[in-house]
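Read off the chains here:
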Amino acid sequence: MQLKWLSSLTQVTAQQWDALFTNDKLNDTNPFCRHAFLLALEQGGSVDSGTGTRRHSGWYSQHLTLWQDNVLLAAVPGYIKSHSYGEYLFDWQIAEAYQQHQLAYYPKWIAAIPFTPATGPRLGLLSADLADSLLPHICAAIKQRLAANDFCSAQWLYTTAPLQHSLTEQGFLARNDVQFLWQNSGYKQFDDFLQQLNARKRKQIRQERNQTNSFSIKTLHGNELSAAHWQAIIRCYQATYLKRSGHQGYISPQSFMALAETMADSIVVFAAFTAEQDIIAAALCFKSADTLYGRYWGTLIDAGHLHFELCYYQGIEYCIRHGLRDYDAGAQGEHKLKRGFEPVMRYGSYLFADTPLSGAITPYFQQETEHLKAYSAQAMQVLPYKKI
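Since this is a predicted model, take the numbers as computed values, not measurements. (Residues numbered from 1 in each chain as written. Predicted model: local features only at pLDDT ≥ 70, side-chain atom pairs only at ≥ 80, totals over all residues. Heavy atoms only, no water.)

Novice: Any chance you could explain the pattern of salt bridges here in plain terms?
Specialist: Oppositely charged side chains can form a pair if their charged atoms are brought close together. Applying the stated criterion to the full structure yields 14 salt bridges. A salt bridge links Arg339 to Glu208, with the nearest nitrogen and oxygen atoms 2.7 Å apart. You can see Arg339 sitting in the loop between strand 16 (326–328) and strand 17 (342–352) and its partner Glu208 sitting in helix 7 (residues 199–210), a full 131 residues away along the chain. With respect to class, Arg339 is no different from Glu208; both count as buried. Residues Asp328 and Arg346 are paired through a salt bridge, measuring 3.8 Å at the closest nitrogen-oxygen approach. A residue pair is termed long-range when its members are at least 10 positions apart, and Asp328 in strand 16 and Arg346 in strand 17 qualify at 18 residues. Under the relative-accessibility criterion, Asp328 is labelled buried at 3%. Residue classification places Arg346 among the buried residues on the basis of a relative accessible area of 11%. Look at the salt bridges and you will find they share partners, linking Lys81, Glu87, Asp91 and Lys108 into a network. (Salt bridge = Lys/Arg side-chain N within 4 Å of Asp/Glu carboxyl O. Helix = DSSP H or I, 4+ residues; strand = E, 2+ residues; numbered from the N terminus. Buried < 20%, exposed > 50% of the residue type's maximum accessible area, 1.4 Å probe, protein only.)

In structure tokens:
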């Protein structure tokens, strides 16, 4: 076997890469692990770019691959980072502690999908039964680079629970987070979902939806989006980021247009149109065989309940209509609880170079996880579903 670190996805074909991340049972590939998605970020300058603000630069492709002859056996999408922006399973407190003790925290290597807080495969395998034999080789390669001071830590973000467990056995520290997920209980229509809520929340959602009646709201799949549609979606995205964060967003217009060309089959947009048929707000989502992922939201107006309509209710309706199991609407947002999104645990794994702070990180992660478990239990108690 040969281990290679790739600085560009152009060094591997889409067929080779995607074969590792395809779910054979569903005959489906996670949209964010697809070669097309990661390459769009790369070639559009959203990563691997030395220009732009600190938030935009500082992501440098460093994918870990294992080969046998010319056959790609395993791959980990990875990046060298010089900051912690765009990760969502954030480590700012740890970075600050390192800074206070005058210890180097960057660069770090992360196994993650840039700007995408969605659980998915982080270890792609040509055959699932290779996991036990190949993971030790992969971890050994990471530890070797850590020992050589090529980076200060290695972090796997938004892994599956089984992979976190396996990484713990390889010496990584387990860390957790809580997100909110809507789950389809076999509903036939949106009103079936509403009937499972208590009367007050059911009334509130109907009122919120009624307040968006002045807009024409449409669902558009990727192959239905024109160049003008994409230009409007990008304007909405950039305007919202500029207002909220002072920059125009993590995804460049060039990356968006690359996604439009190569991933139309995975894209769903919920858009609000004016009477003149101009897009005034939009939520751009991706879908797999069983999950809808809410990703990029933008608006040119003070959205009010339009945000809830496009980012939550339209997505729920879409899942019901198309028989999707889950709606992952992204990170953060306790307001999702009121709209039927349930707390779920998310997973990460970390390995740090040996420093005077190393001994403090393990109890910090343990305390953090206990707090998250308590928080999740409390959140379950305030869900709007009828008590049985």
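Novice: What's the story with the pairing of strand 17 in this structure? I'm lost.
Specialist: Each regular strand displays side chains that alternate between the two surfaces of the sheet. Of all 11 residues that make up strand 17, eight are buried, and the element is covered over most of its length. In terms of strand pairing, strand 11 (residues 173–183) meets strand 17 through nine bridges, oriented antiparallel. Looking at strand 17, one finds that Ala174 is bridged to Ser349. (Pairing = 2+ DSSP bridges.)

Novice: So what exactly am I meant to see when it comes to the environment of Phe286 here?
Specialist: Tracing the backbone shows Phe286 in strand 14 (residues 279–287). A C-alpha to C-alpha distance of 8.9 Å links Phe286 and Asp265, two positions 21 residues apart in sequence. Those residues in contact with Phe286 that sit more than four places away from it in its chain are Pro31, Phe32, Phe37, Leu259, Met263, Ser266, Ile267, Thr291, Leu292, Tyr293, Arg295 and Tyr296. (Contact = heavy atoms within 4.5 Å.)

Novice: Any chance you could explain the packing of aromatic side chains here in plain terms?
Specialist: The description of two aromatic rings rests on the distance between their centres and on the angle between their planes. Under the criterion given, the structure shown has 40 aromatic pairs. Consider the rings of Tyr85 and Trp92, whose centres lie 5.1 Å apart with planes at 65°: the pair is edge-to-face. Under the relative-accessibility criterion, Trp92 is labelled partly exposed at 35%. Seen from their ring centres, Phe256 and Tyr296 are 5.6 Å apart, and the 85° between their planes marks the pair as edge-to-face. Here Phe256 is found in helix 9 (residues 253–262), whereas its partner Tyr296 is found in strand 15 (residues 291–299), with 40 residues between them in sequence. On the accessibility criterion, Phe256 (2% relative accessible area) is buried. The ring of Trp59 is capped by Lys81, whose NZ or CZ atom sits 3.9 Å from the centre of that ring. In this arrangement the basic side chain of Lys218 is found over the ring face of Phe273, its NZ or CZ atom lying 4.7 Å from the centre. (Phe/Tyr/Trp six-rings, centres within 6.5 Å; stacked < 30°, edge-to-face > 60°. Lys NZ or Arg CZ within 6 Å of the ring centre and 35° of its normal.)

Novice: Explanation requested: the sheet that holds strand 5 (residues 63–68) in the structure shown.
Specialist: With antiparallel pairing, the four strands of this open sheet are ordered in space as 1-5-6-9. Both outer strands of the open sheet, strand 1 (2–6) and strand 9 (124–125), are each paired with one neighbouring strand and no more. Where strand 5 lies against strand 6 (residues 71–76), five bridges are found, and the strand directions are antiparallel. Opposite Thr65, over in strand 6, you have Ala75 as the bridge partner.

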